[in-house]
Amino acid sequence: MTNNFDYDVLVIGAGPGGYHAAIRAAQLGLKTACVERGAVGGVCLNIGCIPTKALLHAAEMVHASHRAAEFGLTFADTNLNIAKLNGWKDGIVKKLTGGVSGLFKANKVTLLTGQASFVDDHTVSVDGKNYTAAHFIIATGSDPAKLPGLDVDQDSIVDSTGALVMPDPVPARMLCVGGGVIGFEFAQVYNNLGSKVKIIEFLPSVIPGADADAVKEFAKVMSKQGIEIVTQMKANRAEKKADGVHVELENVKTGEKTTEVFDRVLVAVGRRPRTDGLNAEKAGVTVTERGFIPADKQQRTNVPHIFSIGDVASNPMLAHKAMKEGLVAAEVIAGKPAEQDAVAIPGVVYTSPELAWVGLTEQEAKDKGYEVKTGVFPMSASGRAMTLQSTDGFVKMVVEKDTDLLLGVHIVAPHASDMLAEAGLALEMAATATDISLTIHAHPTLGESMLEAAEAAHKQAIHIVNR
Ligand SMILES: Cc1cc2nc3c(=O)[nH]c(=O)nc-3n(C[C@H](O)[C@H](O)[C@H](O)COP(=O)(O)OP(=O)(O)OC[C@H]3O[C@@H](n4cnc5c(N)ncnc54)[C@H](O)[C@@H]3O)c2cc1C
């Protein structure tokens, strides 16, 4: 690209969206810089996906060590060193963020450290120094939503960032305000480490957006593990006292109010796009009332040479969506015919078992006018699941009745997130349930449940009685 600008592309934010965009732009021969005011890797690597998964794994190991008694393995004492747990988790984050910095260097992406603010539509200032670019990619991400009356102090009242630092001792009584993905992941971590956990959700159902049958099964399994789930309940205010945090809860149906005491309260009620200090208006970029910077399928904002990706652009706020959008923006800038046209953006709750889904829920399919059939294969009929001591859950396939076209897959099972990769590919390739059932799946594996669910949609599953 020939111009008088400092860079062909300047990316604002080095989270999953930003670093994917910057690396792909550089791979395509564009002179690229990425501005980051915090830590490289953004929310996902530093205070999101990665540290939560580390805690979930460690907590699951504790849980599994108790369950090992079922096959005769007992431990004299299970002793968890909390300081070591926190340090191990931080070490993984450090390794991965260091990896991103290394990839920037290897790909010749210039990392500029500081707060980026637009000066005009071709200039940003980074902590007072101006840089010009032919194109910008805004990848500034999101922050936790606040709840009036519950002031986060990152000690006894925490958001997801505070919840990542496990206190010693582990809190005896834990409240998760918000029954979404983040609420459930932390609920299981704390539950497995010994807290008595309660989740409250304002809406009639937890994990909004997921398939109703899958959510019902998932909630049943979580309750069985000891997590108390209460829907249509809100937290009005919290007050710190000597004996704990007193939280006023209100039943949204009856208006009845009660006060309960907890040692730690997690506020996980969603996330808000992050545009503070960006001065997007100086570049003429539209920011919606809710703070999003909307983009078209090529990730362009209303200003054609300025792009927006990831959490700041739109829902769902997921790392893999941000990554894909980053690649699209970079490729469009390089003149490639790219656009964000995904059929399948997977969603996962990384608990044990996991809840994972891709494509349309049964209700969404019906709302879109499809006549559907479903195939369900319970994990209790899976030999592999039995060997893993994890027989709760199922694979549910939503299939168009006449064409046999796969529309959606909803799984409650161990490693459901990995099983989902097959489902995503099947959806992107417009596979039918027959395509899946004709594919030889290794035995014994959890993945076989995909084959059996496809067979169940035809009422021809082998390991269950078809009804
Ligand atoms: C607890 C938790 C768990 C999660 N788990 C998962 C998961 O398992 N899977 C999944 O897919 N998603 C998960 N997410 C969501 C995921 O983290 C986000 O979707 C993802 O990080 C969004 O990427 P992004 O690039 O859009 O923004 P971010 O990761 O938010 O990165 C934006 C970056 O921009 C920087 N920045 C902002 N403004 C400026 C500015 N003006 N100048 C310079 N720099 C700026 C910020 O410092 C930040 O580093 C989780 C989130 C949380 C909070």
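Here the structure is a predicted model, which is why all the values come from computation and not from measurement. (Residues numbered from 1 in each chain as written. Predicted model: local features only at pLDDT ≥ 70, side-chain atom pairs only at ≥ 80, totals over all residues. Heavy atoms only, no water.)

**So, the UniProt feature "domain: Pyridine nucleotide-disulphide oxidoreductase dimerisation" (unreviewed entry) in the protein**
Summarizing the sequence annotation, UniProt attributes the feature "domain: Pyridine nucleotide-disulphide oxidoreductase dimerisation" (unreviewed entry) to residues 345–454 in the numbering used throughout. Between the C-alpha atoms that bound residues 345–454 the distance is 20 Å, and the span itself is 34% helix and 28% strand. (UniProt positions renumbered as here; feature names shortened; annotations may be inferred. Helix = DSSP H or I, 4+ residues; strand = E, 2+ residues; numbered from the N terminus.)

**A few points about the packing of helix α1 (residues 16–27) against helix α8 (residues 319–333)**
Axis separation between α1 and α8 bottoms out at 7 Å; the angle between their running directions is 30°. Comparing the axis directions of α1 and α8 gives the class roughly parallel. As for how α1 packs across α8, the hand of that crossing is right-handed. Packed against α1, whose contacting residues are Pro 16, Gly 17, Tyr 19, His 20, Ala 21, Arg 24 and Ala 25, the element α8 presents Ala 319, Ala 322, Met 323, Gly 326, Leu 327, Ala 330 and Glu 331 at the interface. Grouping the amino acids of the contact of α1 with α8 by side-chain chemistry returns nine nonpolar, three polar and two charged. (Axes fitted to C-alpha atoms, helices over the stretch in contact; angles between N-to-C directions. Parallel < 35°, antiparallel > 145°, perpendicular 65-115°, else oblique. Left-handed = near helix turned anticlockwise from the far one by under 90°. Contact = heavy atoms within 4.5 Å. Nonpolar A, V, L, I, M, F, W, Y, C, P; charged D, E, K, R; others polar.)

**Regarding helix α7 (residues 212–224)**
For α7, built from 13 residues, the straight-helix expectation of 18 Å at 1.5 Å per residue is met to within 8% by its first-to-last C-alpha distance of 18 Å. Looking at the buried side of α7, the elements it contacts are α6 (181–192), β11 (228–231), β18 (347–349), β19 (354–359), β21 (394–400) and β22 (406–413). Of the residues that open α7, the one with a side-chain oxygen 3.1 Å from the backbone nitrogen of Asp 213 is Asp 211. Count one or two residues on from α7 and you reach Gly 226, which has phi positive near 110°. (Expected span 1.5 Å × (residues − 1). Polar contact = N/O pair within 3.5 Å; in protein donor to acceptor, adjacent residues only side chain to side chain.)

**A look at the packing of aromatic side chains**
The tally for this structure, following the rule as stated, stands at three aromatic pairs. The lysine or arginine in question, Lys 31, covers the ring of Tyr 7, its NZ or CZ lying 5.3 Å from the ring centre. (Phe/Tyr/Trp six-rings, centres within 6.5 Å; stacked < 30°, edge-to-face > 60°. Lys NZ or Arg CZ within 6 Å of the ring centre and 35° of its normal.)

**A look at the sheet that holds β11**
Taken in spatial order, the five strands of this open sheet run β8-β15-β9-β10-β11, and their pairing is parallel. On the outer flanks of this sheet lie β8 (157–158) and β11, each paired with one strand and no other. Here strand β9 (residues 173–177) pairs with strand β10 (residues 196–201) via five bridges, running parallel. Note on β10: the bridge partner recorded for Arg 173 is Lys 196. Against the sheet, α6 engages β9, β10, β11 and β15 (264–267), with an angle of about 165° to β10. (Pairing = 2+ DSSP bridges.)

**Overview of the environment of Ala 431**
Its place among the elements puts Ala 431 in the loop between α11 (416–428) and α12 (433–438). Remark: the alpha-carbon pair of Ala 431 and Leu 405, spanning 26 residues in sequence, is separated by 6.2 Å. Setting aside residues up to four positions removed in sequence, Ala 431 forms contacts with Leu 405, Leu 406 and Ala 426.

**Structural notes on the sheet that holds strand β20 (residues 372–378)**
Taken together, the five strands give an open sheet; going across it, the order is β18-β19-β22-β21-β20, and neighbouring strands pair in antiparallel fashion. The sheet is open, and its two edges are formed by β18 and β20, each paired on a single side. Averaged over all neighbouring strand pairs, the angle between strand axes comes to 10°, with direction disregarded. Sheet analysis places β18 next to β19, joined by three bridges and oriented antiparallel. Paired with Gly 347 across the bridge in β19 is Trp 357. Along the sheet, helix α13 (residues 448–457) contacts β20, β21 and β22; its crossing angle with β20, the most-contacted strand, is approximately 135°.

**Quick notes on the nonpolar core**
Membership of the largest hydrophobic core comes to 39 residues, with the highest contact counts inside it found for Ile 207 and Leu 355. Residue assignment for this core shows that the elements contributing at least two residues are α3 (49–67), α4 (82–107), β9, α6, β10, α7 and β19. In terms of residue count, α7 provides more of this core than any other element does, six residues in total. When neighbours within four sequence positions are excluded, Leu 355 is seen to be in contact with Ile 207, Ala 210, Ala 214, Phe 218, Gly 347, Val 348, Val 349, Ile 411 and Val 412. Phe 377, Leu 406, Ile 436 and Met 450 belong to the second-largest nonpolar core, a separate cluster that totals 31 residues. (Core = buried A, V, L, I, M, F, W, Y, C linked by side-chain atoms within 4.5 Å. Buried < 20%, exposed > 50% of the residue type's maximum accessible area, 1.4 Å probe, protein only.)

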